[in-house]
Amino acid sequence: MPEARVAAIEAALRPLADAGRAVQMKAYLLNRFDFLGLPAPVRRAAVLGLIRPPPTDAGVLLAVARLLWAKSEREFRYTAIDLLRRHVRMLDVAHLPELRELLQRDPWWETVDGLSAVIGALLRVAVKRDPAASAVMDAWIADADFWVRRAAMLHQLGWRLETDEVRLARHALQLAGEREFFIRKAIGWALRDYARWNPDFVRAFVDAQRAVLSKLSVREACRHLT
């Protein structure tokens, strides 16, 4: 049952809480959220045996994630993200609305980026069966919520030479005029990631669009280009 798995995760994490580190971690995120004070290696080691066994189905997987998301301390959300990433092959495009619901609940860059990786892994598998599966990101890139737009911009991180260059470029240009820091950073990050595999494409794109891309986006995109 989802409740039993969440209770076991909570029992594994709460005794390890470090109040002093929790204050530091809270300050790092501008005092927006509460923490147990657990570094990622400590947290992951404590729950590895609890998140490794696959849930019985996607419904249970998402139910566990929702229950973890409801806890006040951010480490439970990070554990939910680790759980979803480990078992992402249980999910498909039909589950994107539920992932988006989590993404928009008390969002900040760390949970949004973590779920963006889950969404990206899901879609990377889905497009091999149906090349049109990523089209949902064309709707997300125009969403009123800039966190949803950021997720859409980042969803191809790690796709290497499977990256859809046309979509990457189109999304970057759609967002290029925005002043939101997290959007400008995401554009540069997405381009920089792909530059590892196709630097010529990214170099040519940035040179052609330098007038519309922000300085931050250009700087991030070109960080490892010579």
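Reading the values: the criteria
- Residues numbered from 1 in each chain as written.
- Predicted model: local features only at pLDDT ≥ 70, side-chain atom pairs only at ≥ 80, totals over all residues.
- Heavy atoms only, no water.
- Axes fitted to C-alpha atoms, helices over the stretch in contact; angles between N-to-C directions.
- Helix = DSSP H or I, 4+ residues; strand = E, 2+ residues; numbered from the N terminus.
- Parallel < 35°, antiparallel > 145°, perpendicular 65-115°, else oblique.
- Left-handed = near helix turned anticlockwise from the far one by under 90°.
- Contact = heavy atoms within 4.5 Å.
- Nonpolar A, V, L, I, M, F, W, Y, C, P; charged D, E, K, R; others polar.
- Buried < 20%, exposed > 50% of the residue type's maximum accessible area, 1.4 Å probe, protein only.
- Polar contact = N/O pair within 3.5 Å; in protein donor to acceptor, adjacent residues only side chain to side chain.
- Salt bridge = Lys/Arg side-chain N within 4 Å of Asp/Glu carboxyl O.
- Phe/Tyr/Trp six-rings, centres within 6.5 Å; stacked < 30°, edge-to-face > 60°.
- Lys NZ or Arg CZ within 6 Å of the ring centre and 35° of its normal.

Caption draft 1: Representation of the packing of helix H3 (residues 40-51) against helix H5 (residues 74-86) within the structure. Close contact between H3 and H5 brings their axes to 11 Å; oriented N to C, the two are set at 50°. Taken together, the axes of H3 and H5 are oblique relative to one another. Along this stretch, H3 crosses H5, giving a crossing that reads as right-handed. Each of Arg 43, Arg 44, Val 47, Leu 48 and Ile 51 in H3 lies in contact with H5, whose residues at this interface are Glu 75, Tyr 78, Thr 79, Asp 82, Leu 83 and Arg 86. Its residues assigned to classes, the contact of H3 with H5 shows five nonpolar, one polar and five charged.

Caption draft 2: Spatial organisation of helix H9 (residues 146-154). Of all the nine residues making up H9, eight are buried; the element is thus mostly covered by neighbouring parts of the structure. Turning to H9, its buried residues are Trp 147, Val 148, Arg 149, Arg 150, Ala 151, Ala 152, Met 153 and Leu 154. Packing partners of the buried residues in H9 comprise helix H6 (96-103), helix H7 (109-129), helix H8 (136-140), helix H10 (165-175) and helix H11 (181-195). The residue sitting at the N-terminus of H9 and contributing the capping side-chain oxygen is Asp 145; that oxygen lies 2.9 Å from the backbone nitrogen of Trp 147.

Caption draft 3: The arrangement of the pattern of salt bridges in detail. Scanning the entire structure with this criterion turns up 24 salt bridges. A salt bridge links Asp 138 to Arg 167; its shortest N-O distance comes to 3.0 Å. Of this pair, Asp 138 sits in helix H8 while Arg 167 sits in helix H10, and the two are 29 residues apart along the sequence. Relative accessible area serves as the criterion here: at 25%, Asp 138 is assigned to the partly exposed category. Among the ionic pairs, Arg 192 bridges to Glu 220, the shortest N-O distance being 2.4 Å. One end of the pair, Arg 192, is in helix H11; the other, Glu 220, is in helix H13 (residues 215-221), with 28 residues separating them in the sequence.

Caption draft 4: Spatial organisation of the packing of aromatic side chains. Summed over the entire model, instances satisfying the criterion amount to nine aromatic pairs. On the basis of an interplanar angle of 85° and a centroid distance of 6.3 Å, the ring pair of Tyr 28 and Trp 109 is categorised as edge-to-face. Placement of the pair is Tyr 28 in helix H2 (residues 19-28) and Trp 109 in helix H7, with a sequence separation of 81 residues. For Tyr 28, a relative accessible area of 61% gives the class exposed. On the basis of relative accessibility, which here comes to 28%, the residue Trp 109 falls in the partly exposed class. Judged by centre distance (5.3 Å) and plane angle (75°), the rings of Phe 181 and Phe 182 are edge-to-face. A network of ring pairs unites the aromatic residues Trp 108, Phe 146, Trp 147, Phe 181 and Phe 182 as a single cluster. Across the ring face of Phe 33, the terminal group of Arg 74 is positioned such that the distance to the ring centre comes to 3.5 Å. Arg 100 extends its terminal NZ or CZ atom over the ring of Trp 140, reaching a point 5.8 Å from the ring centre.

Distances and angles like these do not, on their own, reveal function.
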